[in-house]
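Working through the structure, step by step
So the chains spell out like this:
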Amino acid sequence: MYLIILFGIALLAGFSGVRIVRQQQILIVETMGRFTKTLHPGFNWIFWPFSQVAGTVSLMVNSIESSVEIKTKDNMFVTLPINLMYQVKEEKASNAFYKLHNPSAQINAWVLNVIRSTAAQMDFEELFEDRTKITKEVEQDLAVRLEEYGYQIISTLIDQPSVPENIQATFNGVIAATREQEAAVQQAKANRIKIEAVAAAEAEAQRLRAQGVADSRLILAKGFKDAAAEFDGISLEGSLEFLLSVNRMDMLRDIGAKGNLILDLGKESNVQLQIPTKTSTK
C-alpha cells in the first residue's frame, strides 16, 4: 500500500516537473530561491517542487521608439526621432532577467545620454548630413555596457531632425540662396565661354579676310610684273599706261553687268565716285 502511494507521489512529481519551452523563449529556473539553470526551447524537466520556474525571457528583437531634444554646436535646438532595436543574448539570459529591473527604460536613458553628448559636438548642417556618426557612437558606447547585462544592440535608426517652422524656413532660404548663387556662377561661365567663342571666330574671320586681301594683292602684283615683261621694246611708262587702260575697260564691263558701283580712288585722293548705269536700253 505504501509502495503504491510512493509510486503515485513520484509519478505526480515527475509529470509536474515537465516543462515545454516555446521557440524564442528562455525559462529561468530557481531551486530553493536560488538561480540554478535556464531551460531552452523544447522538452525540459525540473525537480519539482524544489525547483520552480521564476520567469520567462524573450529572445525576440525589441524596439524602443523615442525622441530626444538636443542642442547642437552652433546653439540650435532640434528634436531627433530614434528607433533602437535590441535583443537578449541567449547565453546571458540570466543576466538580462536579474540585473535590469526595467530594461527598456534604462537602455533608452543610456541611448539618449550618448546622443546628447555626441550631437553637442556637431553643428546643425552636419547633423542633417552625417547622422551615421551618432549611430556609431551609440553602438560603440552601449556594446560593452549592454554586454554585461545580457543584451546586444541590433540596430540604431536616427531619423531626420525636426526643427521649429521659423528655423526651417530660414534654413530653406539659405539653401535656396546658395543654389541661386551657384546657378549665377554657372551662367556667367557659360556667357564667358560664348563671348570667347564669338571673339575667336571673328578674329579667325578677320585673319582669313586679311590673308585673302594679301594674296590677291600678291597675285595682282605678279600679274603686272609678268605683263610688263611681255612688252619688249616698250618703255615702263608705256607698259603701265596700257595695263591701266585694260583695267578701265574691265571696270566699265563690270559697271555694265552689275549696275551702280562705288569706286574708291584710293586713300590719297580721298574721293569716291558713284557711277549710275542703266539696267536696260531701248
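Look above for the structure.
A brief structural summary. Computed from a predicted model, the values in this text were never measured in an experiment. (Residues numbered from 1 in each chain as written. Predicted model: local features only at pLDDT ≥ 70, side-chain atom pairs only at ≥ 80, totals over all residues. Heavy atoms only, no water.)

**Concerning the overall build of the protein**
Stated formally: Put simply, DSSP marks the helices as runs of H or I at least four residues long and the strands as runs of E at least two long, and each gets a number from the N terminus on. Exposure is judged per residue with a 1.4 Å probe applied to protein chains only, and the accessible area is read against the type maximum: over 50% gives exposed, under 20% gives buried, and values in between give partly exposed. Areas reported here follow the Shrake-Rupley algorithm with a probe of radius 1.4 Å; residue values treat only the protein chains shown as occluding.
When helices and strands are counted, the protein shows 7 helices and 10 strands. Evaluated residue by residue, the protein yields a buried proportion of 24% over its 282 residues. About 20100 Å² of surface is accessible on the protein, with carbon and sulfur atoms providing 57% of the total.

**Things to note about the sheet that holds strand 6 (residues 62-71)**
In any sheet, the strands associate via hydrogen bonds between backbone groups, in a parallel or an antiparallel arrangement. Quick note on the threshold: Pairing between strands is defined by DSSP: at least two bridges between them are needed. Only C-alpha atoms enter the line fits that serve as axes; for helices the fit covers just the stretch in contact. Angles between N-to-C directions range over 0 to 180 degrees. In what follows, residue pairs with any heavy atoms lying within 4.5 Å of each other are defined as contacts.
Read across the sheet, 3 strands follow the order 6-7-8 without closing on themselves; strand pairing throughout is antiparallel. Pairing within the sheet leaves two strands with one partner each, and these edge strands are strand 6 and strand 8 (151-158). With direction set aside, neighbouring strand axes in the sheet form an average angle of 30 degrees. Here 7 bridges tie strand 7 (residues 77-88) to strand 8, and the two strands are oriented antiparallel to one another. Within strand 8, the residue paired with L84 across the bridge is T156. Lying over the sheet, helix 3 (residues 103-119) contacts strand 6, strand 7 and strand 8, oriented at roughly 35 degrees with respect to strand 6. Packing of helix 5 (residues 132-148) onto the sheet brings it into contact with strand 7 and strand 8, and relative to strand 8 it is tilted by some 165 degrees.

**Side note on the nonpolar core**
For clarity, the threshold we go by: Nonpolar core, defined: a set of buried Ala, Val, Leu, Ile, Met, Phe, Trp, Tyr and Cys residues in which side-chain atoms within 4.5 Å join the residues together.
Of all hydrophobic cores here, the largest spans 36 residues; its most connected members are I107, I115, I134 and Y151. Of all the secondary structure elements, the ones that give two or more residues to this core are strand 2 (25-31), strand 6, strand 7, helix 2 (93-98), helix 3, helix 4 (124-129), helix 5 and strand 8. Among the elements that make up this core, the one with the highest residue count is helix 3 (7 residues). Look past the residues within four positions of I107 in its chain and what remains in contact with it is I64, L84, Y86, L146 and Y151.

**Describing the sheet that holds strand 5 (residues 51-58)**
The 3 strands are arranged 3-2-5 in an open sheet whose pairing can be described as antiparallel. Either end of the sheet is taken by a strand with one partner, and the two such strands are strand 3 (34-39) and strand 5. Between one strand axis and the next, the sheet turns by 30 degrees as a mean value, whatever way the strands run. Taken together, the 5 bridges between strand 2 and strand 3 define a ladder with antiparallel strand orientation. Bridged to T31 within strand 3 is R34.

**As for the environment of G55**
Residue placement: G55 occurs in strand 5. Judged by its relative accessible area of 14%, G55 is buried. Sequence-wise, G55 and E30 are 25 residues apart; in three dimensions their C-alpha atoms are separated by 9.3 Å. Beyond its immediate stretch of four places on either side in the chain, G55 contacts I26, L27, I28 and F97.

**So, a negative patch on the surface**
Condition: Exposure above 30% relative accessible area and the lack of any salt bridge qualify a residue for a patch; like charges then connect within 9 Å, and the nonpolar side chains Val, Leu, Ile, Met, Phe, Trp and Tyr within 5 Å. The term salt bridge refers to a side-chain nitrogen of Lys or Arg lying within 4 Å of a carboxyl oxygen of Asp or Glu. When charges are counted, neither His nor the chain ends are considered; positive counts come from Lys and Arg and negative counts from Asp and Glu. Positions of charges follow a simple convention, taking NZ of Lys, CZ of Arg, CG of Asp or CD of Glu.
A cluster of acidic residues, D74, D123, E125 and E129, forms a negative patch on the protein surface. In this fold, D74 is placed in the loop between strand 6 and strand 7. Overall, D74 belongs to the partly exposed group, its relative accessible area being 38%.

**Some details on a nonpolar patch on the surface**
Side chains of I20, M32, F43, W45, F47 and F50 sit close together on the surface and give an oily, nonpolar patch of about 750 Å² of accessible area. Position of I20 relative to the elements: it lies in strand 1 (residues 18-21).

**Looking at helix 5**
Quick note on the threshold: For a helix, the expected span equals 1.5 Å multiplied by the number of residues minus one. To get the bend at a residue, fit one axis to the 7 residues ending there and another to the 7 starting there, then take the angle between the axes.
The end-to-end C-alpha distance of helix 5, which contains 17 residues, comes to 25 Å, matching closely the 24 Å that a straight helix rising 1.5 Å per residue would cover. Its axis deflected by about 35 degrees at L142, helix 5 carries its strongest bend there. Restricting attention to buried positions, one finds in helix 5 the residues I134, T135, V138, L142 and L146. On its buried face, helix 5 sits against strand 7, helix 3, helix 4 and strand 8. Directly after helix 5, the chain includes G150, whose backbone phi takes a positive value near 85 degrees.

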